[in-house]
Amino acid sequence: MEKAKPSRKDQILQALAHMLEHNPGERITTARLAQEVGVSEAALYRHFPSKAKMFEGLIGFIEESLFTRISLIMNEEAQGLVACQRILTLLILFCEKNPGLTRILTGDALNGETDRLRTRIVQLFERLETQLRQILRDAEIHEGLRTNLTHNATANLMLAAAEGRISQFVRSRFRRRPSENWDDQWHTLSQVVFREPALARRRISAVN
C-alpha cells in the first residue's frame, strides 16, 4: 500500500529536525526553515503561530516516543536492574537515531529561544529520573535489590551517565556515538551502584 503523505505540519517539524541535525551550532530562522520546506514564512505561521510552537511539537514527539516505550518496559520487565538498563539504553539509542532532536534534549538548539522550552526539557529529564527512582524503590521491596546510595542519588547518577554520553554526541557533532561501549560502561556502573554484584553481572542486549 502507498504510504500516506505527511501533513504539512509534520513536514515542517521533520524539516526543522533535519536542519538541527545538519546545521549543528547554528540557530534556525523561520526564513531558512520556510526555504527548506518549500513554502513561504506566512505558510509556516498558518500551521504554527511561532517557532517556539514548532519546538514544542518536536518536544512532544520526544516525550511520546520515550515515555510510551518506558511504560511498556515498566509493565513487562520484572527485574529492576534490567528495567533501569533498558530505559537508559532506550534514551541513548533514541538520541543516536535522532541527532537533531538530541540537540533539543541537551539544550544546544534552544539558545536564544523562550525559557518555556528549556523548562519542558528540564521536566522531561525530571520525569525520567522519577521513573528510575520508582523502579529502584520497587526493586528493593520486591527483589531485595539494594543500592549503595539513596534511591534519589542513584537514579540521578545513572541518568547523569547517560546524559554525559548524549552531551558528548552533540559536542562531537554526532561523530561519537553514545551507544559506543555503553554496555560495558553500564556493567561497571551497576557493580558500583548496587550492593549485590551477582545481579549486576547480568547483561542484556541493546533495546531495538
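Numbering of residues begins from 1 in every chain and follows the order in which that chain's sequence is written. Per-residue local features of the predicted model are confined to residues with pLDDT of at least 70, and side-chain atom pairs are confined, for both listing and counting, to 80 or more; whole-chain, interface and lining totals are unaffected and use all residues. Heavy atoms throughout the structure, all of them, feed into the side-chain values; hydrogens and water do not.

Some points on unusual backbone geometry
- Within the chain, Phe 174 stands out as a residue other than glycine whose phi angle is a positive 70°.
- Of note in this structure, Asn 181 is not a glycine but carries a positive phi near 65°.
- Mapped onto the secondary structure, Asn 181 falls in the loop between helix H8 (151–171) and helix H9 (182–193). Where helices and strands are cited, they refer to DSSP runs of H or I of at least four residues and of E of at least two residues respectively, numbered from the N terminus.

Let's talk about the packing of aromatic side chains
- Think of it this way: a Phe, Tyr or Trp ring, Trp meaning its six-membered ring, pairs with another when their centres are within 6.5 Å, and the plane angle makes it stacked under 30 degrees, edge-to-face over 60, tilted otherwise. The tally for this structure, following the rule as stated, stands at three aromatic pairs.
- Arranged with centres 6.4 Å apart and planes meeting at 40°, the rings of Trp 182 and Trp 186 form a pair that is tilted. Of the two residues, Trp 182 and Trp 186 are both situated in helix H9; the distance of four residues between them amounts to about one turn of the helix.
- Working definition: with a 1.4 Å probe on protein chains only, accessible area under 20% of the residue-type maximum means buried, over 50% means exposed, and in between means partly exposed. According to the relative accessible area criterion, Trp 182 is buried, its value standing at 3%.
- Among the residues examined, Trp 186 registers a relative accessible area of 2% and is labelled buried.
- Lysine and arginine charges are scored as sitting over a ring when NZ or CZ, respectively, is within 6 Å of the ring centre and within 35 degrees of the ring normal. The ring of Phe 67 has Arg 127 lying over it, and the distance from NZ or CZ to the ring centre is 3.7 Å.

Brief notes about the side chain of Glu 113
- One can find Glu 113 in the loop between helix H6 (99–105) and helix H7 (115–143).
- For Glu 113, a relative accessible area of 10% puts it in the buried group.
- Here a polar contact means two N or O atoms within 3.5 Å. Within protein one must be a hydrogen donor candidate and the other an acceptor candidate, and residues neighboring in sequence count only if both atoms are side-chain atoms. A polar side-chain atom of Glu 113 sits 2.9 Å from a polar atom in the side chain of Lys 51.
- It only takes one pair of heavy atoms within 4.5 Å for two residues to be counted as in contact. When near neighbours in sequence (up to four residues on either side) are disregarded, Glu 113 contacts Arg 27, Lys 51, Phe 55 and Arg 118.

Describing the layout of surface pockets
- Each cavity reported here is a set of points on a 1 Å grid over the protein atoms alone in which a 1.4 Å probe fits but cannot get out, each pocket an open set with protein on both sides within 12 Å along at least five of seven lines, and each lining residue one with an atom within 4 Å of a point. Grid points are joined across faces, edges and corners, and a volume is the space filled by probe spheres set on the points. In this structure, the largest pocket occupies an estimated 180 Å³ of space.
- Taken together, Asp 10, Leu 13, Gln 14, Ala 17, Gly 57, Leu 58, Phe 61 and Leu 101 make up the full set of residues lining the largest pocket.
- Elements represented by at least two residues in the lining of the largest pocket include exactly helix H1 (8–22) and helix H4 (51–76).
- Ranked by residue count, the leading element in the lining of the largest pocket is H1, at four residues.

A word on helix H2 (residues 30–37)
- Of the residues making up H2, those classed as buried are Thr 30, Leu 33, Ala 34 and Val 37. Buried residues of H2 fall within an arc of 100° about the axis and therefore sit on the same side.
- On its buried side, H2 packs onto H1, helix H3 (41–47) and H4.
- Remark: Gly 38 follows H2 within two positions and exhibits a positive phi of approximately 90°. The directions considered for the arc are those from the helix axis to the C-beta atoms.

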